[in-house]
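Structure assessment
Read off the chains here:
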Amino acid sequence: MVGSGLAGLSLARELADLGADGVVVLEAGPDRGHAHKERLTRDESLRLWHTEDPDFHRNWSSERPPHYVHSSGLRRRLGGRSLYWHGVCLPIEEHVLRSGVWPQELAAELLGERLAGGSLYTEVAAQLAGWAEAPMGHCRSARERWLLARLRELGYPVEPTPQAARSERVPGREIRQVPFTPLTHWRGPMPQPLRYPVLSDCPVTHLRTGSGGLVEVTIERADWSSEVLLAEHVVLAAGTFENTRLVGRALAETHGQNFWEFDNLTDHVNQGFLAAVPRSAMPLPTEPGRAFCFTPVHDTCRSYLFFDVLESPRPDTVLMCVWTMGEQASTESRVRVERVSPGGQWELRVQPTISPADDRVVERQAGQLAEVAERVFGVARSAYSLRKEDFREGSPLFLPQLEAALEHDPAVSGGAVFPYVYPLGSVDHEAGTLALGGDAVAEDGTVRVMPRVSVLGPAVFPRQGAANPSLTTLALAKWYARRLGNR
Ligand SMILES: Cc1cc2nc3c(=O)[nH]c(=O)nc-3n(C[C@H](O)[C@H](O)[C@H](O)COP(=O)(O)OP(=O)(O)OC[C@H]3O[C@@H](n4cnc5c(N)ncnc54)[C@H](O)[C@@H]3O)c2cc1C
């Protein structure tokens, strides 16, 4: 297994359940412990995510900043982004799975048409609920109950956002919702912790089919030492771009070229606003507790709508973040993997495209947000200042708007909203370059020119819809394990 993030460690666990032997996980980064970022204070966690992470590593460049130059990137350490994610677990929309681009057999298993016990999604959800000791999507607090009632009264069909997270008392601090990480299987709760070795500081740089058909896996460390391991089967679970770089290099070398290109790179279209309103206008209960709800995909803007209550420094202020997240319509964004020096580095360049269809999603989302600002927070539509060009230009960004919202005192200046956009490549949902059943990867996840190499993670989604990717990544880990376990 290459990569110890959400995909790699989850597949290792599934293989252990099937009794597979000889699994080794190779991780590029160091072991900095198993604690999720949500075990830090809110400020520390936000800073780690956005500005101060020693393990943040963007292994690509963008031909179109501000897209693909913000906070998305590898968290190059044991556990990868499973120590950073927010745990939101939504299945890909049924119409997307049925649209003919997902392999039919897999789509049927995701939707539960082939499995006696339900769908792959429900199996994963049941496991996560077992870990959290509560079903995903249960109501988490009195605040959340109040918010759901208020929004339903206003006509929004909201539900608690399903999260793979559980309440944990963070030492010396308040109770937090801490998301699941598959690193947990290395300390329990299985009958005994998983024994498969996870080797940190082992960056894999190259894969090649060697003698006897085994895969030669080259590890090159920062001190220039290197070694080659032989494997019967390799699963690439190193994040979308790193998986693409390794497969791109293998494809280019097989065809005697210095570069390889992939299309179908997609991300989510994501924008929202922060609202600061007087508690008198929105009497949310004051006792702490998570309040985070969502409405299902909206037909016209192909987007989910989320409402999340944040902590305000002022007791008389309610601070909320509201955002929409939609499917990127364009599949024309490309990735080029290229050798930059003879015998040396292979780099990855992202060539993002925003199509007129994406512009329409952006425009409709902005309309929906302006309506929410008015109906829920009483801020006139005309005061909602986001233009459709703002998404293309990638401004205003989330962090400065959060600061402005935190400083705003509605008791003095009245309720206000602070809109922001996330340019493409900012929410860590990059996907699609190595689509199942596409040119590079077969329907069963194996690389066509290297059938002993498989790829796992959002890179293999033929189409990702509007849903966050990880529930599907976890479901695919189950599906792969059953196939690999049979070999
Ligand atoms: C702040 C944040 C919040 C998020 N919230 C959500 C959410 O609520 N819901 C959701 O569905 N998704 C969420 N995501 C996205 C989710 O975390 C990713 O989609 C998911 O982690 C991808 O899994 P992965 O295993 O493919 O990649 P990763 O988890 O990134 O793991 C890849 C691993 O491979 C290692 N690696 C990379 N290159 C090499 C190499 N050459 N050799 C060896 N090892 C290598 C990396 O160091 C890393 O440990 C969030 C992400 C972030 C950052």
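Residues numbered from 1 in each chain as written. Predicted model: local features only at pLDDT ≥ 70, side-chain atom pairs only at ≥ 80, totals over all residues. Heavy atoms only, no water.

Taking an unreviewed UniProt entry as the reference, the chain is identified by name as Glucose-methanol-choline oxidoreductase C-terminal domain-containing protein belonging to Streptomyces diastatochromogenes. What UniProt states about the chain under its Cofactor (unreviewed entry) heading is, verbatim, "FAD". (UniProt positions renumbered as here; feature names shortened; annotations may be inferred.)

1. Quick notes on the packing of helix α4 (residues 104–111) against helix α12 (residues 470–485)
Contact geometry of α4 with α12 gives a least axis separation of 11 Å together with a crossing angle of 120°. Judged by the angle between their axes, α4 and α12 are oblique. When the axes of α4 and α12 are compared, the crossing they make is right-handed. On α12, the residues touching E105, L106, E109 and L110 of α4 are A475, L476, W479 and R483. Of the residues assigned to the contact of α4 with α12, the class counts are 5 nonpolar, no polar and 3 charged. (Axes fitted to C-alpha atoms, helices over the stretch in contact; angles between N-to-C directions. Helix = DSSP H or I, 4+ residues; strand = E, 2+ residues; numbered from the N terminus. Parallel < 35°, antiparallel > 145°, perpendicular 65-115°, else oblique. Left-handed = near helix turned anticlockwise from the far one by under 90°. Contact = heavy atoms within 4.5 Å. Nonpolar A, V, L, I, M, F, W, Y, C, P; charged D, E, K, R; others polar.)

2. Observations regarding the packing of aromatic side chains
The geometry of two aromatic rings is summed up by the distance between their centres and the angle between their planes. This structure, assessed with the given rule, holds 17 aromatic pairs. Ring centres of Y68 and F241 lie 6.0 Å apart, and the angle between their planes is 75°; on these two criteria the pair is classed as edge-to-face. You can see Y68 sitting in the loop between β3 (61–62) and β4 (74–75) and its partner F241 sitting in helix α7 (residues 240–254), a full 173 residues away along the chain. Neither residue differs from the other here; Y68 and F241 are each classed as buried. Residues Y304 and F306 carry aromatic rings whose centres are separated by 6.1 Å and whose planes lie at 40° to one another, so their mutual orientation is tilted. Exposure class is identical for Y304 and F306. Each is buried. Linked through ring pairs, F292, F294, Y304, F306 and W323 together constitute an aromatic cluster. (Phe/Tyr/Trp six-rings, centres within 6.5 Å; stacked < 30°, edge-to-face > 60°. Buried < 20%, exposed > 50% of the residue type's maximum accessible area, 1.4 Å probe, protein only.)

3. Describing unusual backbone geometry
Residue P66 is reached from P65 by a cis peptide bond, and omega for that bond is 5°. With respect to the element layout, P66 can be found in the loop between β3 and β4. Although it is not a glycine, W224 adopts a positive phi angle of roughly 75°. By secondary structure assignment, the location of W224 is in the loop between β10 (215–220) and β11 (226–231). One non-glycine residue with positive phi stands out, namely N264, at about 70°. Take N264: it is sitting in strand β13 (residues 259–265).

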